[in-house]
Amino acid sequence: EWEISPGQVVQAWTYNGMLPGPYVRAKVGDTVIVHFKNALPEETTIHWHGVRVPNDMDGAPGMTQKPVAPGAEFRYQFVVRDAGTYWYHPHTNSAAQVGWGLYGPIVVEDPKDPKSFGDDLVLMLSDMSLDDKGRLLPRDNGGEFGDLFGREGSVLLVNGKVRPRLKVRAGKQQRWRFINATRARYYAFAMPGHAFIRLGGDNGLAERSEKLTRVSVVPGDRLDVVFTP
């Protein structure tokens, strides 16, 4: 894994010039409308990972939607019917486009959720395939081995930052929404003397909460926990 120097510039692929992409937050029953224009040098789509959407809004090229060509536009519109933590990303050359920076969070709130869960925080875990000079690696890096077993990026990010720090206040409960936007990397979290209360993740609240001293988040996975420092 490479260390990125402070001030080093990386030419990533992004939504709206942001890494991760814009935070989409809605309530159950809201209509989400995204006016999408492709400014990339190749075709792409947006897939709404885990969200129940009409088939023609699902962003699977050649199956549910024609790819959006460079310079072309597409209007995504759907009603969000399920509370939960989700994310969006391309389904065209996914390993390369996601690995170069195309991903973002989407959270659908249930107005009936207890406020006692605490302050809401999205932690989007990702990695980026860069060489030691900060240049994006080609989409076929790792060759057939990478095709078979997935590609782990050389730089690890949380909400688009390398080793960010989070200030917390002792005893102030928080709801953390983990999203693993990597292509092949598994994450595990544990803090000495602390526990996590798992609320659910992939599709809203679980039937019952669960106390864990260690949590794992696999590629594409979402996990909602309560953490009290």
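Report on the accompanying structure. Just so you know, these numbers come straight off a predicted model, no measurement behind them.

Attention shifts here to the overall build of the chain. Each helix and strand in the chain was counted, giving two helices and 14 strands. A compact globule built from 229 residues should have a C-alpha radius of gyration of about 17 Å, and the chain, at 18 Å, falls within 12% of that. Considering only C-alpha atoms, the chain reaches an extent of 50 × 40 × 35 Å along its principal axes. Each charge class in the chain was averaged separately, 28 positive and 26 negative side chains, and the resulting centres sit 6 Å apart.

Attention now moves to the sheet that holds strand E3 (residues 47-49). Overall, mixed pairing links the four strands, which are arranged E1-E6-E5-E3 in an open sheet. Of all strands in the sheet, those with a lone pairing partner are strand E1 (24-27) and E3, marking the two edges. With strand direction ignored, the average angle separating the axes of adjacent strands in the sheet is 25°. As defined by bridge partners, E1 adjoins strand E6 (residues 104-109) across four bridges and the pair is classed as parallel. Opposite Lys-27, over in E6, you have Glu-109 as the bridge partner.

Right, let's get into the pattern of salt bridges. Under the criterion given, the structure shown has 14 salt bridges. The shortest N-O distance in the salt bridge between Arg-185 and Asp-127 comes to 3.1 Å. Taken together, the residues span a long stretch of sequence, with Arg-185 in the loop between strand E9 (174-180) and strand E10 (187-189) and Asp-127 in strand E7 (residues 119-128) at a distance of 58 residues. Asp-127 matches Arg-185 in its accessibility class, with the two residues each being buried. For Asp-224, the salt bridge goes to Arg-175, with nearest N and O atoms at 3.0 Å. On the criterion of sequence distance, the pair formed by Asp-224 in strand E14 (residues 222-227) and Arg-175 in strand E9 is long-range, its members being 49 residues apart. Classification of Asp-224 as buried rests on a relative accessible area of 2%. Overall, Arg-175 belongs to the buried group, its relative accessible area being 5%. A single network of salt bridges, built from pairs that share partners, joins Arg-25, Lys-27, Glu-109, Asp-113, Asp-120, Arg-175, Arg-177 and Asp-224.

With that settled, the discussion passes to the nonpolar core. By size, the foremost hydrophobic cluster in this structure holds 23 residues, and its most contacted members are Ile-46, Trp-48, Val-51, Phe-78 and Val-80. With near-sequence residues (within four places) excluded, Val-80 lies in contact with Ala-26, Lys-27, Val-28, Gly-29, Asp-30, Val-32, Val-51 and Val-108. Counting residues in hydrophobic clusters, the runner-up holds twelve residues, among them Val-107, Met-124, Met-128 and Leu-157.

What follows is about unusual backbone geometry. Note on backbone geometry: most residues besides glycine have negative phi, and most peptide bonds are trans. At the junction of Leu-19 and Pro-20, the peptide bond is cis and its omega measures out at -5° in the coordinates. Mapped onto the elements of the fold, Pro-20 is located in the segment before E1. Despite not being glycine, Asn-159 has its phi angle at roughly 55°, a positive value. Mapped onto the fold, Asn-159 is located in the loop between strand E8 (155-158) and E9. Note on Asn-159: relative accessible area 26%, which makes it partly exposed. Even without glycine at this site, Arg-163 takes up a positive phi of about 50°. Considering the arrangement of structural elements, one finds Arg-163 in the loop between E8 and E9. By relative accessible area, Arg-163 is classed as exposed at 68%.

Attention now goes to the layout of surface pockets. In this structure, the second largest pocket occupies an estimated 390 Å³ of space. Ranked by residues supplied to the lining of the second largest pocket, first place goes to strand E2 (residues 31-37) with four residues.

This paragraph deals with the environment of Val-108. Here Val-108 lies in strand E6. Separated by 24 residues in the primary sequence, Val-108 and Asp-132 have C-alpha atoms spaced 38 Å apart. Those residues in contact with Val-108 that sit more than four places away from it in its chain are Ala-26, Lys-27, Val-28, Val-80, Asp-82, Ala-83, Gly-84 and Tyr-86.

A separate point is the sheet that holds E7. The mixed open sheet is built from six strands, whose spatial order is E8-E7-E9-E14-E11-E12. The sheet terminates laterally at E8 and strand E12 (204-212), the two strands that pair on one side only. Between one strand axis and the next, the sheet turns by 25° as a mean value, whatever way the strands run. Judged from the four bridges that link them, E7 and E8 form a sheet pairing that is antiparallel. Note on E8: the bridge partner recorded for Ser-126 is Leu-157.

Analysis parameters
Residues numbered from 1 in each chain as written. Predicted model: local features only at pLDDT ≥ 70, side-chain atom pairs only at ≥ 80, totals over all residues. Heavy atoms only, no water. Helix = DSSP H or I, 4+ residues; strand = E, 2+ residues; numbered from the N terminus. Rg over C-alpha atoms; globule rule 2.2 N^0.38 Å. Lys, Arg positive; Asp, Glu negative; His and termini not counted. Charge placed at Lys NZ, Arg CZ, Asp CG, Glu CD. Pairing = 2+ DSSP bridges. Axes fitted to C-alpha atoms, helices over the stretch in contact; angles between N-to-C directions. Salt bridge = Lys/Arg side-chain N within 4 Å of Asp/Glu carboxyl O. Buried < 20%, exposed > 50% of the residue type's maximum accessible area, 1.4 Å probe, protein only. Core = buried A, V, L, I, M, F, W, Y, C linked by side-chain atoms within 4.5 Å. Contact = heavy atoms within 4.5 Å. 1 Å grid on protein atoms, 1.4 Å probe; cavity = no way out; pocket = protein on both sides within 12 Å on 5 of 7 lines; lining within 4 Å. Points joined across faces, edges and corners; volume = space filled by probe spheres on them.

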